[in-house]
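What the coordinates show
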Amino acid sequence: MSRQSDQGFILSIDGPVIGIKGLKYQKIGDLVKIGHSKLTGEIIKITDNRSIATCYEYTEGLHVGEPVLNTTEPLSMELGPGLLNNIYDGIQRTLPLLREKYGDFIGIEQEAYALDRKKSWIFEPKVKEGTKVTPGDIIGTVQETNTINHKIMVPMGVYGTLTTIVRPSKYSIEDTIYTIKNGKIEQKFGLFQKWPIRNIRPYRQRIYPTEPLITGMRVIDVLFPVAKGGVVAVPGGFGTGKTVIQHNLAKWADADIIVYVGCGERGNEMADVLEQFPNLIDPHTNLPVMERTVLIANTSNMPVSAREASIFSGLTIAEYYRDMGYDVALLADSTTRWAEALREISGRLEEMPAEGGYPAYLSTRLASFYERAGLVHPLGFPDRVGSITVVGAVSPPSGDFSEPVTKTTRRFVKAFWALDAKLAYSRHYPSISWTDSYSLYSEHLEEWWNKLGKGWGKSRIDISEILARSDELQNIVQLVGKENLPVEQQLILFVAELIKNVYLIQNAFDPIDRYSSPQKSLKLINLILDYYSRSLDVVSREIPLFEVENLGIVTEISRARLSIKNKDVDQFEGLQKKLEREITGLIERYESS
Amino acid sequence: MKITYSNIQGIEGPLVFLRHQHNVMNGEIVHIIDPNGIARTGRVLEISENVTVIEVFQGTAGLDTDRTQLTFSDEVFQISISRDMLGRTFDGQGRPKILKNADSFPELLPEVVRPICGTPINPYSRSYPTDVIHTGISVIDGLTTLVRGQKLPIFTGQGLSHNKLAAQIVKQAKVREENFVVVFVGIGILQDDAMYFEQRFKESGNWQNVISFLNIASDPTIERILIPRIALTVAEYFAFDLDMHVLVIMTDITNYCEALRELSSAKGEIPSRKGFPGYMYSDLASLYERAGKIKGREGSITQIPIITMPNDDITHPIPDLTGFITEGQIVLSRELYKRNVYPPIDILSSLSRLMKEGVGEGKTREDHSEIASQLYSLYAQSLEIKELESIIGEESLTSLDKRILNFGKSFEQYFMNQKFDEERDVITTLDLAWDLVSTVPKRNILRISPEILDKYYIEDARIKEKLWGR
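For clarity, every value in this text was computed on a predicted model and none was experimentally measured.

Along the backbone of chain B there are 14 helices and 18 strands. Taking 2.2 N^0.38 as the reference for a compact globule, 470 residues should give roughly 23 Å; the C-alpha atoms of chain B span a radius of gyration of 25 Å, in line with that estimate. Along the first, second and third principal axes, the C-alpha atoms of chain B reach 85 × 50 × 45 Å. In chain B, the share of contacts with a sequence separation of at least 24, taken over all contacts with a separation of at least 6, comes to 74%. Of the accessible surface of chain B, which amounts to about 17,800 Å², a share of 47% is contributed by carbon and sulfur atoms. For chain B, the distance from the average position of its 51 positive side-chain charges to the average position of its 64 negative side-chain charges is 2 Å.

Right, let's get into the domain arrangement of chain B. Residue and element names in this part refer to chain B. Structurally, chain B comprises domain 1 (3-76), domain 2 (79-358) and domain 3 (368-468). Taking only C-alpha atoms into account, the centre of domain 2 sits 33 Å from that of domain 3. With 28 residues of domain 2 at the interface, the matching set in domain 3 holds 22 residues. Carbon and sulfur atoms supply 60% of the area that domain 2 and domain 3 bury against each other, a total of about 2,100 Å² over both sides. Contact with domain 3 buries area across many residues of domain 2, yet S138, L143 and L348 alone supply 25% of it, more than any other trio. The partner of E412 in a salt bridge is R339, with the nearest N and O atoms 2.4 Å apart. Run the count over domain 2 and domain 3 and you get 15 residue pairs in polar contact (both at pLDDT 80 or more). Elements with a contribution of two residues or more to the side of domain 2 that touches domain 3: α1 (138-143) and α2 (162-173). The greatest single-element share of the side of domain 2 that touches domain 3, amounting to five residues, is contributed by α1. Its residues assigned to classes, the side of domain 2 that touches domain 3 comprises 12 nonpolar, 10 polar and six charged.

The next point concerns the interface of chain A and chain B. The partner chain B presents 81 residues to the 83 residues of chain A that form the contact. Carbon and sulfur atoms make up 54% of the surface buried where chain A meets chain B, a total of about 6,900 Å² over both sides. Counting across the chain A and chain B interface gives five salt bridges. In this structure, K356 of chain B engages D272 of chain A in a salt bridge whose closest nitrogen and oxygen atoms are separated by 3.1 Å. Between chain A and chain B we count 39 residue pairs in polar contact (both at pLDDT 80 or more) in total.

Attention now moves to the side chain of H22 of chain B. All names here are of chain B. Within the secondary structure, H22 sits in the loop between β3 (15-19) and β4 (28-33). By relative accessible area, H22 is classed as buried at 15%. A distance of 2.7 Å separates the side chain of H22 from the side chain of Y5, its partner in a polar contact. Excluding its chain neighbours within four sequence positions, the residues that come into contact with H22 are I3, Y5 and F72.

Residues and elements named next belong to chain A. As summarised here, the arrangement of the four strands in space is β12-β11-β9-β14, forming an open sheet in which the pairing is antiparallel. Where the open sheet ends on each side, the last strands, each with one partner, are β12 (149-153) and β14 (169-172). Averaged over all pairs of adjacent strands, the angle between strand axes in this sheet comes to 40 degrees, irrespective of strand direction. Relative to β12, strand β11 (residues 138-143) runs antiparallel, the two sharing five bridges.

What follows covers the packing of aromatic side chains. Think of a pair of aromatic rings as described by two things: how far the centres are apart, and how the planes are tilted against each other in angle. Tallying each qualifying case throughout the model produces 25 aromatic pairs over all chains. Centroid distance F369 of chain A to Y370 of chain A: 4.5 Å. Interplanar angle 50 degrees. Geometry classified as tilted. The same class applies to F369 of chain A and to Y370 of chain A, which are both buried. Measuring from ring centre to ring centre gives 5.9 Å for Y237 of chain B and F238 of chain B, while their planes differ by 85 degrees; the resulting arrangement is edge-to-face. Considered together, Y237 of chain B and F238 of chain B belong to a single accessibility category, that of buried residues. Among the aromatic residues, ring-to-ring pairing joins F312, W338, F369 and Y370 of chain A into one connected group. The ring of F192 of chain A carries R117 of chain A above its face, with NZ or CZ at 5.2 Å from the centroid. Against the face of F420 of chain B rests K171 of chain B, its NZ or CZ located 4.6 Å from the ring centre.

All right, on to the nonpolar core then. Of all hydrophobic cores here, the largest spans 236 residues; its most connected members are Y321 and W417 of chain A. At 11 residues, the largest contribution of residues to this core is made by helix α12 (residues 487-504) of chain A. Beyond its immediate stretch of four places on either side in the chain, Y321 of chain A contacts G80, L83, L84, E144, I148, H150, I257, Y326 and V328 of chain A. Core analysis: the second largest hydrophobic core is formed by 65 residues, V185, I230, Y281 and M309 of chain B among them.

Residues and elements named next belong to chain A. At their nearest, the axes of helix α11 (residues 456-480) and helix α13 (residues 518-540) sit 10 Å apart, and the two run at 55 degrees to each other. When the interaxial angle is binned, α11 and α13 end up oblique. In the crossing of α11 with α13, the sense of the turn from one axis to the other is left-handed. Where α11 abuts α13, its residues W456, S459, D462, I463 and I466 lie against L522, I525, N526, L529 and Y532. Its residues assigned to classes, the contact of α11 with α13 comprises seven nonpolar, two polar and one charged.

Residues and elements named next belong to chain B. Within strand β14 (residues 245-251), seven of the seven residues are buried, which leaves the element mostly enclosed by the surrounding structure. Taking every second residue as pointing to the same face, both faces of β14 are buried, with H245, L247, I249 and T251 on one and V246, V248 and M250 on the other. Pairing of β14 with strand β16 (residues 300-308) involves seven bridges; the strand directions are parallel. Along β16, the bridge assignment pairs T251 with I306.

This brings us to helix α12 (residues 426-437) of chain B. The first and last C-alpha atoms of α12 of chain B sit 16 Å apart over 12 residues, in line with the 16 Å expected at 1.5 Å per residue. At the N-terminal end of α12 of chain B, a side-chain oxygen is found 3.2 Å from the backbone nitrogen of I427 of chain B, two or three residues along, and the residue is D425 of chain B.

Turning to the sheet that holds strand β16 (residues 185-189) of chain A, a few remarks are in order. Residues and elements named next belong to chain A. Read from one edge to the other, the open sheet built from four strands follows the order β10-β13-β15-β16, with strand pairing classed as antiparallel. What marks the edges here is a single partner per strand, and that holds for β10 (132-133) and β16. Pairing of strand β13 (residues 160-165) with strand β15 (residues 178-182), which is carried by four bridges, proceeds in the antiparallel orientation. In the strand pairing of β15, L162 is matched with I180.

Basis of the calculations
Residues numbered from 1 in each chain as written. Chains lettered and ligands numbered in written order. Predicted model: local features only at pLDDT ≥ 70, side-chain atom pairs only at ≥ 80, totals over all residues. Heavy atoms only, no water. Helix = DSSP H or I, 4+ residues; strand = E, 2+ residues; numbered from the N terminus. Rg over C-alpha atoms; globule rule 2.2 N^0.38 Å. Contact = heavy atoms within 4.5 Å. Areas by Shrake-Rupley, 256 points an atom, 1.4 Å probe, with all protein chains shown as cover. Lys, Arg positive; Asp, Glu negative; His and termini not counted. Charge placed at Lys NZ, Arg CZ, Asp CG, Glu CD. Domains from an automatic or database assignment. Buried area = accessible area lost by both parts, 1.4 Å probe. Salt bridge = Lys/Arg side-chain N within 4 Å of Asp/Glu carboxyl O. Polar contact = N/O pair within 3.5 Å; in protein donor to acceptor, adjacent residues only side chain to side chain. Nonpolar A, V, L, I, M, F, W, Y, C, P; charged D, E, K, R; others polar. Buried < 20%, exposed > 50% of the residue type's maximum accessible area, 1.4 Å probe, protein only. Pairing = 2+ DSSP bridges. Axes fitted to C-alpha atoms, helices over the stretch in contact; angles between N-to-C directions. Phe/Tyr/Trp six-rings, centres within 6.5 Å; stacked < 30°, edge-to-face > 60°. Lys NZ or Arg CZ within 6 Å of the ring centre and 35° of its normal. Core = buried A, V, L, I, M, F, W, Y, C linked by side-chain atoms within 4.5 Å. Parallel < 35°, antiparallel > 145°, perpendicular 65-115°, else oblique. Left-handed = near helix turned anticlockwise from the far one by under 90°. Expected span 1.5 Å × (residues − 1).

In structure tokens, the structure reads:
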């Protein structure tokens, strides 16, 4: 089968969907070069006399009858040093390089390598010649950025004896680094490998996640935590703050690697990320967050087929770093745009639509995306553990959570951060609803938190109860007015407001409040709960409620999120003493009179 | 090579179906001569195995199958652009519009010729918009700040004052810029509305900086799909080639989407929500995403699309999809309009996503984002209390509730309400906000950091009284 000979021609054009006649060796998923301008496309359907491809670029100006060349290879990612600190489009063209070569606008006939061919890396071999190797074995390392030590692994499906390996020195991406001999065949390998984006990278064993992904957002870390290796959906109508939550995770979450996929979203948001990230310092490593980040930007006005591919491109890169033993967070904004891309292509293929016009295979595709998350032992020696946490934003039309994408997504995720438009309208951010959200990871994470300090599990339950109680009481207030409630219930309302306004609310742009360390989150909530239980005691002694509401400590609790730095959590002890002093003083004053 | 056909296979709605015998180009322009010898223009929309689908810009009325002639031009739709376009009006195909009683204009000498579909800006080339456009309107400057390079739609309903608001923004925003161009795009609008804008632009004395593209309600529907693309191609030339700041006002996107639906159903596509095509999100994005700023270039494109929400329904697909693409929205409220509040902006559902980088120390004032957040919070509370009041009566409210209720009333009266010719600078707006916030006890102000609160909160009771005496 000669690759050059597999050529056909364009038969029909409907937006990104191209009908091709004359190909002989086409397989589903083969990459094709369409027309004289060699636009990239992928074969998605084969009938008896033609093949259908979706084109990753704009098709205006393409003629019927132009040639189509089949590369006979699937769409693959280049995986190797140079991925971090980089920004790609949905099919892994390097955007800075495109700009350098072709200017500020993305047109047709533009190509750019994913990994820099000229840059050289210092390679450190870790195994000796003559070693027997299997897929995933780490044979050497490259210091990719200040934070990340890139492991060079034997590609999947390669077994044999290491016959040569280079000495420690500088090498470029295309240099031969090692050779492996199996039987009579000897193969050469460089610093990078390729992997088709739609195939799952194999691993040895999956394990249940027990460690939280610390996000620095109190409402998440304390109320609706996610585990490293977990899956979360973040649904919300427009303007509810999905993107700010995703950006916050990218900035502060304690993952080793962040893969951020901007899928069908705004160009200016990507510009924001690109301008901010190089200047932001990761609180865990004190190095710029960009050094651990891979960005994939396929904005809403870029071709829809590439948008569909972008999520899988991101996953493939995430799996590659997971295989090195890193904790990776894949942030996808937004999975709805991805599903809509599926729908658009499906509509052009005139497939029978299922619910909401989406194709019947929507749930299969969503599953193939979310199931690639998890905590695993990757293949190869030495044994290691790596994880992929997937956080998928969902943009339900009209904020309606019963629509197909949100509904189907719910089946595959174990944590659900429902964003509430009403909270967003009063600028209560993050607008994660405490009534509609849930996390099934909390019980598995309790052990981790208990090592940190007392009472995480109990505090979670206590705040949930206060919030739920307060929501119930609000209904009664509507009928009789706040003044006519029993004093204990008025206290619940007051404390619930306090929890909402000084604890759950968090200013993503305030230098102190934007990241709340686990210690600070825990100490602050325990202080509020202690204030509640002591106040309950006070009002039971028939001391009026306004006395506890007006205590000086209330103002200090209110300010704590903005004024106490993460490194100064010891200050909470002072607040605790002050609380005790003021309460005791209050009781003494009343009992003596 | 130009090829002419005269054997149309079928005609449906705005579409012509032709059995082609040569290699047709996707998007190719087709010149059509109807049986009366009058020229029309069309464009190739889809090519299947033997049949080409052509959309006819002027509509298909009067076309037949055997006498109509179609010539393939071997070109995609392009527009000639020139600096002489300033101060002039163009039709739905970008040709100079001949107005009655107008001075005769010289023909345009094109400086460049560009295809109208444009190409996406490389996300890496974008520079994040941070320069505030001061509109002189308190609600916008204070709470939903407009930034150069932003796309901020106005969601409105039939009969609300969106045209007035858009005209006021144009009038007051121009002052600070010399190289400022307004591109006005009327999509299926009423002749009256077109005249209203023309008059306002002339009154404000910047007619020479306005380029108008008009497709009025009686003009062909298909042109509604072209006209915003033509206008944005022109805007891109002025912004990114000539380094000017371009403000594009597009009204009404609802008409655009309806034209899209008409075309889609004529093609026999599978409809999505409310009959609109499944690709409407991507299609709208191809318009809105043309706003922005580019690294190393001076100019910018700011878009204010106007969307009439059918039945005032913000969850209708058109406003809904728009909201997911644009950087916020300004929502007009019928209830405020009825109470004679101008501009009737429903601040709780309005939002500017680019505000955070545009405001603050060195840009507007250090307290801006915090006071804005506090205003939202208090106003939201005041509306809740108002609802409560209507059930349980004013007597049962706590004293704090009463204070917040009063805050809400004066906020609407003094802050939101503004005259058409009243221009407030941003400092006046922020000071006004502090006057209002200071009527609420200091310990109930939870959204503002202690230092800012101490610096700006007005403790003196007399000042508060002064405010009520305004």
